[in-house]
Amino acid sequence: MIIEGAESSEGMKQVRNYFFIAVIALALAGCGGAQINNHLAGAAVLGQSTQATPPPQVSAEFQAEVAQISASGLRLKEALEASLEAGMRHLVAVFKRDNPKEPSQAFEFRIIESDGKAAKTIFRRTEFFFSLSATGNLGKSNATDLNGDGLKEVFVQSSSGGNCWSCNPTEVYRVRNHKGELIAAGPIQKIDDLNGDGLQELLVTDTRWESYDDLSHAASPTAVMVYAWRNGQYVYAARDFATFYQSETARLRAQVEEAKAQITAEEFSDELYIGNSIALAITYAHMGEPERGVKELETLLKANSRSEVQSKHRATMIEDFLKGESAKKIREMKYGDAMPIG
């Protein structure tokens, strides 16, 4: 990376996990061919190219810089033009290198700045994968001021080459004092103004229990963390959004009930029930009530078992959340902590 400025039960689990990984890999590969052409909030998404299509067109002021970059073996795939800082014009661009020496240098994300006379790269980063369009609905907010800091932010999807939730983060950048700055990164599900103050909060997947206790990936416990813009940075502020978390607990309770109906004496038939029960406990922890969450988890895991094997498996989980690593983990998030972006 460069930054500048199934025969056995175990076998069956592995099959399920490999299937999930294959689906993610195919989805990620498909992201590279998508095209978008949005004109939103003063920004123009100019599209993305593949080897079979021409590169997106850019304004004359950026063409010399793009040509120089292309001469180094990169080709322009996606581009967005906007004024991210007052008085300047910017090209946010994704380039692809077809024959990289290292897989982590296959893509470059650049921010190019122009004063109307000359353009130059003010931020450059290489990675396994970058895409503006892969951000989905988040991309609709590209080049808007999300947090009231007076600057317009942009989203780009990256990938470190892995197949985990946190391996494919959405990154949020801004330009300040003619420098590109990464201000948020993670598995951002959504942005939303949760309290009506006009500022957008980041709703981020809590990945800490991904494939917990070797549950299949589809049953992995997850919850939503809320980060809010405070004093010039995004900080963990979940407990400030009670209404949102009340709806989350209601949603997860419904999923627990739905999963309960699927439980049989078969060993892994209760995985979704377990995963949703743990997710409910984690969600209570984000609300600032970890003890309530663990207590409810204990109640749920002691109920609705259909075999001795299931009961024993759940007993180890209960012990973990009462005294083990998960007991520490469920309480480790601290209100006001800055969002980790390194």
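What you see is a predicted model, and the numbers here were worked out from it, not measured in a lab. Within each chain, residues carry numbers counting from 1 in the order of the written sequence. With pLDDT at 70 or above as the cut-off, local features in this predicted model cover only qualifying residues; side-chain atom pairs require 80 or more to be listed or tallied, and sums for whole chains, interfaces and linings still use all residues. Side-chain figures throughout are based on the complete set of non-hydrogen atoms in the structure, without hydrogens or water.

Q: Summarise the packing of helix 5 (residues 290–302) against helix 6 (residues 308–323); cite the residues concerned and give the values.
A: To characterise two packed helices, one gives the angle between the axes of the helices and the distance between these axes. Contact geometry for helix 5 and helix 6: axes closest at 10 Å, N-to-C directions at 170 degrees. Judged on the interaxial angle alone, helix 6 and helix 5 are roughly antiparallel. Together, Val294, Leu297, Glu298, Leu300, Leu301 and Lys302 of helix 5 and Arg314, Met317, Ile318, Phe321 and Leu322 of helix 6 make up the contact between the two elements. When residue character is reported, Ala, Val, Leu, Ile, Met, Phe, Trp, Tyr, Cys and Pro are called nonpolar, Asp, Glu, Lys and Arg charged, and the others, Gly included, polar. Tallied by class, residues from the contact of helix 5 with helix 6 come to eight nonpolar, no polar and three charged. Between the N-to-C directions of two axes lies an angle of 0 to 180 degrees, each axis being a line fitted to C-alpha atoms and, for a helix, fitted only over the stretch in contact. A run of H or I in DSSP becomes a helix once it reaches four residues, and a run of E becomes a strand once it reaches two; helices and strands are each numbered from the N terminus. Here is the rule for angles: anything less than 35 degrees is roughly parallel, anything more than 145 is roughly antiparallel, 65 through 115 is roughly perpendicular, and the remaining ranges are oblique. Any pair of residues with heavy atoms lying within 4.5 Å of one another is described as a contacting pair.

Q: Tell me what's going on with the sheet that holds strand 15 (residues 233–236), and back it up with residues and numbers.
A: Strand order in this open sheet of four strands is 12-13-14-15, and the pairing throughout is antiparallel. The strands lining the two open edges of the sheet, one partner per strand, are strand 12 (188–192) and strand 15. Strand after strand, the sheet turns through a mean of 30 degrees between neighbouring axes, direction not considered. Across four bridges, the pairing between strand 14 (residues 223–230) and strand 15 is antiparallel. Note that in strand 15 the partner of Arg230 across the bridge is Gln233. Against the sheet, helix 3 (residues 242–260) makes contact with strand 13 (201–206) and strand 14, and its axis sits at roughly 170 degrees relative to strand 14, the strand it touches most. Here helix 4 (residues 271–286) sits on the sheet and contacts strand 13, strand 14 and strand 15; the angle it forms with strand 14, its principal contact strand, is near 20 degrees. Whether two strands pair depends on DSSP finding at least two bridges between them.

Q: I'd like to hear about the packing of aromatic side chains, residue by residue, with values.
A: We call Phe, Tyr and Trp rings a pair once their centres come within 6.5 Å, taking the six-membered ring for Trp, and we label the pair stacked below 30 degrees between planes, edge-to-face above 60, and tilted otherwise. Summed over the entire model, instances satisfying the criterion amount to 10 aromatic pairs. Between Trp209 and Phe321 the ring centres are 6.1 Å apart and the planes differ by 15 degrees, which places this aromatic pair in the stacked class. Separated by 112 residues along the polypeptide, Trp209 in the loop between strand 13 and strand 14 and Phe321 in helix 6 bring together distant segments of the chain. Here's how the labels work: a residue is buried when its accessible area is under 20% of the maximum for its type, exposed when over 50%, partly exposed in between, all with a 1.4 Å probe on protein chains only. Taking the relative accessible area as the measure of exposure, Trp209 reaches 0% and is therefore buried. The class of Phe321 is buried, set by a relative accessible area of 1%.

Q: I'd like a description of the pairing of strand 14, backed by residues and values.
A: Summarising burial for strand 14: seven of the eight residues are buried, a large majority. Between strand 14 and strand 15, which follow one another and run antiparallel, lie two residues, and Asn231 among them has a positive phi close to 50 degrees.

Q: Can you explain the nonpolar core? Please cite residues and give values.
A: If you look at soluble globular proteins, the nonpolar side chains tend to sit buried side by side. Ranked by size, the top nonpolar core spans 35 residues in total, and within it Leu202, Tyr227 and Tyr234 carry the most contacts. Setting aside its immediate chain neighbours within four residues, Tyr234 contacts Leu146, Asn147, Ile183, Ala184, Gln200, Leu202, Tyr227, Ala228, Trp229, Asp337, Ala338 and Met339. Counting 20 residues, the second largest nonpolar core, distinct from the first, contains Leu80, Ala82, Leu84 and Val92. Throughout this description, the term nonpolar core refers to a set of buried Ala, Val, Leu, Ile, Met, Phe, Trp, Tyr and Cys residues connected via side-chain atoms within 4.5 Å.

Q: Go over the state of the cysteines, please, and point to the residues and values.
A: Pairs of cysteine sulfur atoms within 2.5 Å are identified as disulfides in what follows. Applying the stated criterion across every chain yields a total of one disulfide. A disulfide bridge connects Cys164 with Cys167, and the sulfur atoms are separated by 1.9 Å. A torsion of 90 degrees about the S-S bond marks the disulfide between Cys164 and Cys167 as right-handed. Cys167 gets classed as buried once you look at its relative accessible area, which sits at 14%.

Q: Lay out the environment of Ala118 in plain terms, naming residues and giving numbers.
A: Mapped onto the fold, Ala118 is located in the loop between strand 6 (107–114) and strand 7 (119–127). Judged by its relative accessible area of 48%, Ala118 is partly exposed.

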